[in-house]
Amino acid sequence: MTSRKKKLLWQVPFLLLLIVGTILIIRQQQAMPYQKNTGNIFGTTYTIVYQSDKNLQSDIVAELANVDQTLSAFNPNSVISRINRNEDVECPEMFTEVFNLAQQISRETGGAFDITVAPLVNLWGFGFKTGSTPSPEAVDSLKPFVGYQKVEMTRDRHVRKADARTMLDCSAIAKGYGVDRVAHLLRQHDIQNFMVEIGGEVVTHGKNQDHKPWKIGVAKPSDQPDGATAELQTILNITDKAMATSGNYRNFYYKGGKKYAHTIDPQTGFPVQHSLLSATVIAPTCATADAYATAFMVMGMERAQALLKKHPELKAYLIYANPSGRMQIWQSPEMDKYINP
């Protein structure tokens, strides 16, 4: 018997062992249960589904609480609330990361995304409990201290304001960032299959319980003021991506025959009024998708399309109203592979 044949005979048992071991690992992974954790955070709900033999609810709650303690303007003790009160705050890494990303996207969108829009949002006070529309004079009085160029992060991680009255509002990026943080937590636990959703913003990885790509619905715009809808416009197969949606069909009111959206244009100080009803963005991170979805709602169709040409890492599914009021779809060419047949 030649030495080559002897070598092959020795290799056969090892190959068989490798094949058997691989089969056992796959079976074990398939048999591992999927956990489901739900709750409330950032004024909305979350749903997290992941394949693990351990329930990580307490770890997830702690991670979300950390994001809330950093970015929630509704938490009086949060980092952002303290900055808004002009306290001397050395920003933690989490805040610095979000601030820098927000500023970058503000520059790239020409200020359509802007975390200094808080005073204008507060002025309009969606919910409109008083039933009155702010006057142009009231809006103009706030515009001098609204603008992303009027804040910066110093080298020693302090937010420097050009005007002490400037306030920050990370609500259009915090949910997406929270999704990213939970996804990072799951990856640290070596979890391969998961879906993290907070208020409609999503990150997925691997496969769902049926061993298929995760399916995420895009809501069909509805004229119900609370945004409730039983219909889906489409279903997307999302795997190893992040997705966020912003829409004028949520949180709006009618006045004078016009629909006023919850999206404030930081430059005009007024709610946007154009044909774009919904912007769904797929991006590498959920914070990025969240911010760009908001920016597109400010920018409108043409400006959003122009920006997408410059950013191939972003994919968008836009729902708009044509001149006759009928809903139509525009999507990035690459979106076809995500749409569930």
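Keep in mind the model is a prediction, meaning the values are calculated, not measured. Every chain's residues receive numbers from 1 upward, in the order its sequence appears when written. A pLDDT threshold of at least 70 governs which residues receive local features in this predicted model, and a stricter bar of 80 or more applies before side-chain atom pairs are shown or counted, although totals over entire chains, interfaces and linings include all residues. Hydrogen atoms and water are omitted, and side-chain values are computed over all heavy atoms in the structure.

S.K.: Mind showing me how you'd approach the packing of helix α4 (residues 93-108) against helix α8 (residues 286-310) here?
M.R.: A packed helix pair is summarised by two numbers, namely the angle formed by the two axes and the spacing between the axes. Closest axis-to-axis distance for the α4/α8 pair is 11 Å, and the angle between their directions is 5°. Taken together, the axis directions place α4 and α8 in an arrangement best described as roughly parallel. Between α4 and α8, the residues in contact are Leu101, Ile105 and Glu108 and Ala287, Thr288, Ala291, Tyr292 and Leu307, respectively. Only Asp, Glu, Lys and Arg are considered charged in this grouping, and only Ala, Val, Leu, Ile, Met, Phe, Trp, Tyr, Cys and Pro are considered nonpolar; every other residue, Gly among them, is considered polar. When grouped by side-chain class, the residues that make up the contact of α4 with α8 number six nonpolar, one polar and one charged. Only the stretch in contact is used when fitting a helix axis, every axis being a line fitted to C-alpha atoms; angles between N-to-C directions are given from 0 to 180 degrees. Counting from the N terminus, the helices are DSSP H or I runs at least four residues long and the strands are E runs at least two residues long. Angle categories: roughly parallel below 35 degrees, roughly antiparallel above 145, roughly perpendicular from 65 to 115, and oblique for all the rest. It only takes one pair of heavy atoms within 4.5 Å for two residues to be counted as in contact.

S.K.: Honestly, the packing of aromatic side chains in this entry has me stumped. Any pointers?
M.R.: What characterises a pair of aromatic rings is the spacing of the ring centres plus the angle enclosed by the ring planes. Any Phe, Tyr or Trp ring, taking Trp's six-membered ring, that has another such ring centre within 6.5 Å forms a pair; planes under 30 degrees apart are called stacked, those over 60 apart edge-to-face, and the others tilted. Throughout the structure, instances matching the rule amount to four aromatic pairs. On the numbers, 6.5 Å between centres and 65° between planes, the contact of tyrosine 34 with tryptophan 214 is edge-to-face. With a gap of 180 residues between them, tyrosine 34 in strand β1 (residues 34-41) and tryptophan 214 in strand β7 (residues 214-219) connect regions that are remote in the sequence. A centroid spacing of 5.5 Å and a plane angle of 70° characterise the contact between tryptophan 124 and phenylalanine 270, whose relative ring orientation is edge-to-face. Taken together, the residues span a long stretch of sequence, with tryptophan 124 in helix α5 (residues 118-124) and phenylalanine 270 in the loop between β11 (258-260) and β12 (276-283) at a distance of 146 residues. Partly exposed describes any residue whose relative accessible area lies between the buried limit of under 20% and the exposed limit of over 50%, with all areas from a 1.4 Å probe on protein chains only and scaled to the type maximum. Looking at tryptophan 124, the relative accessible area reads 2%, which means it is buried.

S.K.: When you look at the pairing of β1 in this model, what are you seeing that I'm missing?
M.R.: A regular strand places its side chains on the two faces of the sheet in alternate fashion. Two strands qualify as a pair provided that DSSP identifies no fewer than 2 bridges between them. In this structure, β1 lies alongside strand β2 (residues 44-51), joined through eight bridges in antiparallel fashion. Opposite glutamine 35, over in β2, you have tyrosine 50 as the bridge partner. Hairpin remark: β1 followed by β2, antiparallel, with two residues in the connecting loop; positive phi at phenylalanine 42, about 55°.

S.K.: Looking at this structure, I do not really get the confidence of the model for the protein. What am I missing?
M.R.: Any residue range with low pLDDT should be treated as having predicted coordinates unsuitable for detailed reading. This prediction gives the protein a mean pLDDT of 86; 82% of its residues lie at or above 70. One confidence number per residue, pLDDT, is output by the predictor and ranges from 0 to 100. For the protein, per-element mean pLDDT is lowest for helix α1 (residues 3-31), which scores 54, and highest for α4, which scores 98. Note on residues 24-28: pLDDT under 50 across the span, and zero contacts to partners over four residues away in sequence or across chains.

S.K.: I keep staring at the sheet that holds strand β13 (residues 315-321) and nothing clicks. Help me out?
M.R.: Paired through their backbone hydrogen bonds, the strands of a sheet run either parallel or antiparallel. The strand order β1-β2-β5-β6-β9-β12-β13-β14 describes an open sheet built from eight strands, whose pairing is antiparallel. The sheet is open, and its two edges are formed by β1 and β14 (327-331), each paired on a single side. Across the sheet, the axes of successive neighbouring strands diverge by a mean angle of 10°, strand direction being ignored. In this sheet, β14 lies alongside β13 in antiparallel orientation, the contact comprising five bridges.

S.K.: Looking at this structure, how should I read the nonpolar core?
M.R.: Soluble globular proteins tend to bury their nonpolar side chains together. Residues belong to a common nonpolar core when they are buried Ala, Val, Leu, Ile, Met, Phe, Trp, Tyr or Cys residues joined through side-chain atoms within 4.5 Å. The biggest cluster of nonpolar side chains holds 49 residues, and the ones touching the most others in it are Phe95, Phe113, Val159, Leu168 and Phe296. Of all the secondary structure elements, the ones that give two or more residues to this core are α2 (57-71), α3 (79-84), α4, β3 (151-153), α7 (171-188), β12, α8 and β13. Broken down by element, the residue count for this core peaks at 14 residues, all from α8. Those residues in contact with leucine 168 that sit more than four places away from it in its chain are Ile80, Ile83, Asn84, Phe95, Phe99, Ile115, Thr116, Ala118, Val151 and Val159. Listed in part, the 19 residues of the second largest apolar core include Tyr46, Ile60, Phe194 and Val196.

S.K.: Whenever I open this one, the pattern of salt bridges confuses me. Can you help?
M.R.: Pairing between side chains of opposite charge can happen when their charged atoms approach one another. Any carboxyl oxygen of Asp or Glu that lies within 4 Å of a side-chain nitrogen of Lys or Arg is treated as forming a salt bridge with it. Scanning all chains against the criterion turns up seven salt bridges. Its salt-bridge partner being glutamate 87, residue arginine 82 comes within 2.9 Å of it at the nearest N-O pair. For glutamate 201, the salt bridge identified is with lysine 175, shortest N-O distance 3.7 Å. Taken together, the residues glutamate 201 in strand β6 (residues 201-205) and lysine 175 in helix α7 connect sequence positions 26 residues apart. Judged by relative accessible area, which is 2%, glutamate 201 ranks as buried. Overlapping salt bridges bring together Arg82, Arg85 and Glu87 as one network.

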